[in-house]
Amino acid sequence: MQIDKQSPVPIYFQIMEQLKTQIKNGELKADALLPSEREYAEQFGISRMTVRQALSNLVNEGFLYRQKGRGTFVSKLKMEQPLQGLTSFTEDMRSRGMKPGSRLAEYQLIQATEELSSILGCGHQATLHKIIRVRLANDIPMAIEASYIPFDKAGKLDASHFQSSMYEHIEAYNQMPISRAKQELEPGAASEEEAELLGIQPGAPVLYIKRTTYLQDGTAFEHVKSAYRGDRYTFVHYMDRVK
Ligand code: GLP
């Protein structure tokens, strides 16, 4: 790492950019322990405050994590997401020991369009919840989910529902387990709006996933259009050989 003290670019920012590059190109491996603030400060002849600012920003952006009394470590940038097995976002994050979260971007009651009513098998002009949430892992944006849920499958929803697991609510409300889903995956580039919500650059790679999910009685309760961050996810599918 090299610091240019004459540069108009602030030193903390130079440190951040170089560490990010090293993390992205694999020079710094996941779970590697970083030198301490004092070591960095001595190495570059800068103040510990400057080093702390750079490292704290990288913790906030999800590139690094801290462990009390042990130091600062490199985060695993990409999460492996199995494609089989129908799970909720909340379950996925908890199984990784991460804190699931949501930020509500939009909510309204709408009338089903022809397309949505045929996908969801609900009557024309049935009332749907339209819920757009940014899904967070340890407070870092991972995906945007725009879900359409027939009103009669979820009842009245309020802020507390948007902050917690929708699958849990749906199963409790319908007193029936969720059983299966159909999913379509398509690569894309983040629009200005998506980039803003996900904290990435416009045009950065995203994976669009459409999912229609059904209850045990075969009725659909949700159609979701989501955008997953390409820099944070690797989708994994296990296959058996067929001839
Ligand atoms: C996954 C699915 C979404 C679904 C969500 C529910 O992320 N791709 O279609 O809406 O899980 O998650 P939760 O129960 O945490 O709200």
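Residues numbered from 1 in each chain as written. Predicted model: local features only at pLDDT ≥ 70, side-chain atom pairs only at ≥ 80, totals over all residues. Heavy atoms only, no water.

One non-glycine residue, Asp139, adopts positive backbone phi at about 70°. A positive phi angle, close to 50°, is found at Gln175, a residue other than glycine.

Running from N to C, helix α2 (residues 37–44) and helix α3 (residues 48–60) cross one another at 120°; their axes reach a closest spacing of 8 Å. When the interaxial angle is binned, α2 and α3 end up oblique. The hand of the α2/α3 crossing is right-handed. Facing α2, whose interface residues are Glu37, Arg38, Tyr40 and Ala41, α3 presents Arg48, Val51, Arg52 and Leu55. (Axes fitted to C-alpha atoms, helices over the stretch in contact; angles between N-to-C directions. Helix = DSSP H or I, 4+ residues; strand = E, 2+ residues; numbered from the N terminus. Parallel < 35°, antiparallel > 145°, perpendicular 65-115°, else oblique. Left-handed = near helix turned anticlockwise from the far one by under 90°. Contact = heavy atoms within 4.5 Å.)

On to the side chain of Arg133, then. Mapped onto the elements, Arg133 comes out in strand β5 (residues 127–137). Within the buried set, Arg133 has no salt-bridge partner at all; the shortest N-O distance to an opposite charge, 4.3 Å, is to Glu145. A distance of 3.1 Å separates the side chain of Arg133 from the backbone oxygen of Phe162, its partner in a polar contact. Separated by 3.2 Å, the side chain of Arg133 and the backbone oxygen of Ser164 make a polar contact. Other than its neighbours up to four places away in sequence, Arg133 contacts Ser102, Arg103, Leu104, Ala105, Ala143, Ile144, Glu145, His161, Phe162, Ser164 and Met166. (Buried < 20%, exposed > 50% of the residue type's maximum accessible area, 1.4 Å probe, protein only. Lys, Arg positive; Asp, Glu negative; His and termini not counted. Salt bridge = Lys/Arg side-chain N within 4 Å of Asp/Glu carboxyl O. Polar contact = N/O pair within 3.5 Å; in protein donor to acceptor, adjacent residues only side chain to side chain.)

Here we take up the sheet that holds strand β8 (residues 205–215). Pairing within the open sheet is antiparallel, and its six strands lie in the order β4-β5-β6-β9-β8-β7. Only two strands of the sheet have a single neighbouring strand rather than two, namely β4 (100–111) and β7 (178–189). Strand-to-strand twist across the sheet, computed as the mean angle between neighbouring axes with direction ignored, equals 15°. The pairing of β8 with strand β9 (residues 220–229) spans nine bridges and is classified as antiparallel. From the neighbouring strand, Tyr214 faces β9, where its bridge partner is Ala220. Lying on the sheet, helix α8 (residues 166–174) is in contact with β5, β6 (140–150), β7, β8 and β9; it crosses β8 at an angle near 10°. (Pairing = 2+ DSSP bridges.)

Further remarks concern the UniProt feature "domain: HTH gntR-type" (unreviewed entry) in the protein. In the numbering adopted here, UniProt assigns the feature "domain: HTH gntR-type" (unreviewed entry) to residues 9–77. Split by type, residues 9–77 is 51% helix and 12% strand. Its first and last C-alpha atoms lie 26 Å apart. (UniProt positions renumbered as here; feature names shortened; annotations may be inferred.)

Here we come to the site of the ligand. Neighbouring the ligand are 14 residues; Thr90, Arg133, Glu145, Ser165 and Met166 lie closest to it. Within the side chain of Arg133, one N or O atom sits 2.8 Å away from an oxygen atom of the ligand. Measuring from an oxygen atom of the ligand, one finds a side-chain N or O atom of Ser165 at 2.5 Å. Within the complex, the protein chains bury 99% of what would otherwise be the 390 Å² of accessible surface of the ligand. Taking a 2 Å distance to the grid points as the criterion, the majority of the atoms of the ligand fall inside the largest cavity. Among the secondary structure elements, those contributing two or more residues to the shell around the ligand are α4 (89–95), β5, α8 and β9. Its residues assigned to classes, the shell around the ligand comprises five nonpolar, four polar and five charged. (Near = heavy atom within 4 Å. Areas by Shrake-Rupley, 256 points an atom, 1.4 Å probe, with all protein chains shown as cover. 1 Å grid on protein atoms, 1.4 Å probe; cavity = no way out; pocket = protein on both sides within 12 Å on 5 of 7 lines; lining within 4 Å. Sits in = over half its atoms within 2 Å of the grid points. Nonpolar A, V, L, I, M, F, W, Y, C, P; charged D, E, K, R; others polar.)

Attention now goes to α3. Counted at 1.5 Å a residue, the expected span for α3 with its 13 residues is 18 Å, and the 18 Å between its end C-alpha atoms agrees. Buried within α3 we find Val51, Ala54, Leu55 and Leu58. Viewed along the axis of α3, the buried residues span an arc of 90°, placing them on a single side of the element. For α3, the exposed residues lying more than 90 degrees away from the buried face are Met49 and Asn60. In this structure, the buried side of α3 is in contact with α1 (11–24), α2 and β1 (64–67). Positive phi shows up at Gly62, right after α3, with a value of about 90°. (Expected span 1.5 Å × (residues − 1). Arc of directions from axis to C-beta.)

Our focus in this paragraph is the nonpolar core. If you look at the biggest cluster of nonpolar residues, it comprises 19 residues, and the most contacted ones within it are Leu19, Ile23, Leu34, Tyr40, Leu55 and Leu64. Here Leu55 is in contact with Leu19, Leu34, Glu37, Tyr40, Leu64 and Arg66, once residues within four sequence places are set aside. (Core = buried A, V, L, I, M, F, W, Y, C linked by side-chain atoms within 4.5 Å.)

As enumerated under the stated definition, the model contains 11 salt bridges in all. Note that Lys20 and Glu61 form a salt bridge whose closest N and O atoms lie 2.9 Å from each other. Here the residue Lys20 occupies a position in helix α1, and Glu61 occupies one in the loop between α3 and β1, the gap between them amounting to 41 residues. On the basis of relative accessibility, which here comes to 32%, the residue Glu61 falls in the partly exposed class.

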